[in-house]
Amino acid sequence: MTANEEKMTQPEPVLVSPKVPLQEGIVPSGALVAATLAPVLGFFTLMLSHHISRLSKSLDQLVHAYGHWIPGSLGSGPDGSIGSYTGKETLALAVWFISWAVFHGLWRKQELSILTWIPWFLGALLLVTLGFLHPLVDPIVLFLGSRLGLI
Amino acid sequence: MTEESFFYGHISKYLARTQAGLALTLLIALSGLDFFFPTNYSLQAGVHGISAIAAVVFSTLLTHRIYPLIRGIHINFDSLRHWVMIATVLNFLGAVSGNWIYSRYRGQDGPRDWILANVPNFHNILMEYKEFVSLFPFPLMLATSFILFYYRTVIPERRDLTLFVGIMIFLAWFFLAMGFVAGLVLAKLRFV
């Protein structure tokens, strides 16, 4: 067998397998990836809405409006209010739960590689964590905000 | 077993339990005494402090269970499921009570005003960081609870699943501990 033929007969490495028929005792790992990707998307929503709300008063009010349903979101005086933080939480919760439901529906019958997912998951968490460090991220936010004409 | 070794074995067991009980009591007192602080917001402070400390204690205990889990040593998954569920509830309470006290933090002449006037970076960097990463442990713990229930029939045989559960518990503890320390520092600077 030539080297080329040998190469052709070897199966391509696949990270995502096609849908597998449900067998007794088999629980595909797609549901795990869905359940853990969704909160990461929620965290990114939290970060984006936070930085958007800091660009201008009108954008802060826009984000805040999503959180008016949360008790304490509005108020003044010594008791204060939670402010636009409630809007950021609401948007993050919505993205978390909706994306969880969608990805669970899409992937629950698929066997996905958890060992491949782990570095992506950790990398995304590291990125979003750094995204909340103002000295680090503010120059980027200001640059993007001015380029997009938001400030 | 001789009578002597039985005696010393019992003594060490009771000492260990006493230490755990004393540590828990002292930790709870660290925030529980907030209820008696001279402020109109002592209830919010006490509830948030106790739920945060309880969440830290449970998450720390959970991290001690992930090492045998990752090494593949047989563990009691029913017990782990229950502990993770309790940690999930405590993290939820910590986030909700955090919202409750946050409005006073931002209120007129509240801690934010004082910190911005005196040491602004503690608000602009530390608090702006803490208020968001403190929200991370609840979703991470809820996802871990889901994994432990959804895969309960196969998880004892799947090392990749137990590794992921271990990573999730570790991450939840890390974000919780960061939020806890930042919260303590801010409360030391200016109480509500």
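Above this text is the structure in question.
A brief report on the enclosed structure follows.

What counts, and where the lines are drawn
Residues numbered from 1 in each chain as written. Chains lettered and ligands numbered in written order. Predicted model: local features only at pLDDT ≥ 70, side-chain atom pairs only at ≥ 80, totals over all residues. Helix = DSSP H or I, 4+ residues; strand = E, 2+ residues; numbered from the N terminus. Buried ≥ 20, exposed ≤ 12 C-beta atoms within 10 Å, placed from the backbone. Contact = placed C-beta atoms within 7 Å. Nonpolar A, V, L, I, M, F, W, Y, C, P; charged D, E, K, R; others polar. Expected span 1.5 Å × (residues − 1). Core = buried A, V, L, I, M, F, W, Y, C linked by C-beta atoms within 7 Å. Axes fitted to C-alpha atoms, helices over the stretch in contact; angles between N-to-C directions. Parallel < 35°, antiparallel > 145°, perpendicular 65-115°, else oblique. Left-handed = near helix turned anticlockwise from the far one by under 90°.

### Observations regarding the overall build of chain A
For step 1, the next point in the chain: Check the secondary structure of chain A and you find six helices and zero strands.
For step 2, the next point in the chain: Along chain A, helices (α) and strands (β) appear in the sequence α-α-α-α-α-α when read from the amino end.
For step 3, the next point in the chain: Across the 151 residues of chain A, 31% fall into the buried class.
For step 4, the next point in the chain: Sequence separation of at least 24 residues holds for 72% of the intrachain contacts in chain A that already meet a minimum separation of 6.

### Section: the overall build of chain B
For step 1, the next point in the chain: A tally of regular secondary structure across chain B gives seven helices and zero strands.
For step 2, the next point in the chain: Secondary structure elements of chain B occur, N-terminal to C-terminal, as α-α-α-α-α-α-α.
For step 3, the next point in the chain: Each of the 192 residues in chain B was classed as buried or not, and the buried ones make up 42%.
For step 4, the next point in the chain: Sequence separation of at least 24 residues holds for 75% of the intrachain contacts in chain B that already meet a minimum separation of 6.

### Brief notes about the interface of chain A and chain B
For step 1, the next point in the chain: At the junction of the two partners, chain A supplies 31 residues and chain B supplies 33 residues.
For step 2, the next point in the chain: Listed by contribution, the elements that provide at least two residues to the side of chain A that touches chain B are α2 (30-53), α4 (85-107), α5 (114-130) and α6 (134-147) of chain A.
For step 3, the next point in the chain: Broken down by element, the side of chain A that touches chain B gets its largest block of residues, nine residues, from α2(A).
For step 4, the next point in the chain: Across the side of chain A that touches chain B, the residue classes tally to 18 nonpolar, 12 polar and one charged.

### Focus: α2(A)
For step 1, the next point in the chain: Counted at 1.5 Å a residue, the expected span for α2(A) with its 24 residues is 34 Å, and the 34 Å between its end C-alpha atoms agrees.
For step 2, the next point in the chain: Among the 24 residues that make up α2(A), 20 are buried, leaving the element largely enclosed by the rest of the structure.

### Let's talk about unusual backbone geometry
A negative phi angle is the norm for most residues apart from glycine, just as the trans form is the norm for most peptide bonds.
All names here are of chain B.
For step 1, the next point in the chain: One non-glycine residue, aspartate 109, lies in the positive phi region at around 60°.
For step 2, the next point in the chain: Of note, aspartate 109 is situated in the loop between α3 (77-106) and α4 (111-118).
For step 3, the next point in the chain: When the 10 C-beta atoms within 10 Å are taken as the criterion, aspartate 109 is described as exposed.

### Regarding the nonpolar core
For step 1, the next point in the chain: In this structure, Ala34(A), Ala35(A), Ala55(B), Ile147(B), Val165(B) and Ala172(B) are the most contacted members of the largest nonpolar core, which totals 60 residues.
For step 2, the next point in the chain: Sorting the residues of this core by element identifies α2, α4 and α5 of chain A together with α2 (42-71), α3, α5 (120-133), α6 (137-150) and α7 (159-189) of chain B as the ones contributing at least two each.
For step 3, the next point in the chain: Of all hydrophobic cores here, the second largest spans eight residues; its members include Tyr41(B), Ile101(B), Tyr105(B) and Val192(B).

### Description of the environment of Ser49(A)
Residues and elements named next belong to chain A.
For step 1, the next point in the chain: In this structure, serine 49 sits in helix α2.
For step 2, the next point in the chain: Here serine 49 falls in the buried class, since 24 other C-beta atoms lie within 10 Å of it.
For step 3, the next point in the chain: Along the chain, serine 49 and glycine 87 lie 38 residues apart, while their C-alpha atoms are 8.2 Å from each other.
For step 4, the next point in the chain: Leaving out residues up to four positions away in the same chain, serine 49 has contacts with Val63, Gly87, Lys88 and Leu91.

### Overview of the environment of Met47(A)
For step 1, the next point in the chain: Locating Met47(A) in the fold gives a position in helix α2.
For step 2, the next point in the chain: The sequence separation of Met47(A) and Ala31(A) amounts to 16 residues, and the corresponding C-alpha distance is 25 Å.

### Regarding the packing of α2(A) against α5(A)
Residues and elements named next belong to chain A.
For step 1, the next point in the chain: Contact geometry for α2 and α5: axes closest at 10 Å, N-to-C directions at 15°. Taken as axis vectors, α2 and α5 run roughly parallel relative to one another. Along this stretch, α2 crosses α5, giving a crossing that reads as left-handed. The segment α2 lies against α5, with Leu32, Val33, Thr36, Val40, Phe43, Phe44 and Met47 engaging Ile114, Trp117, Phe121, Ala124, Leu125 and Val128.
For step 2, the next point in the chain: When grouped by side-chain class, the residues that make up the contact of α2 with α5 number 12 nonpolar, one polar and no charged.

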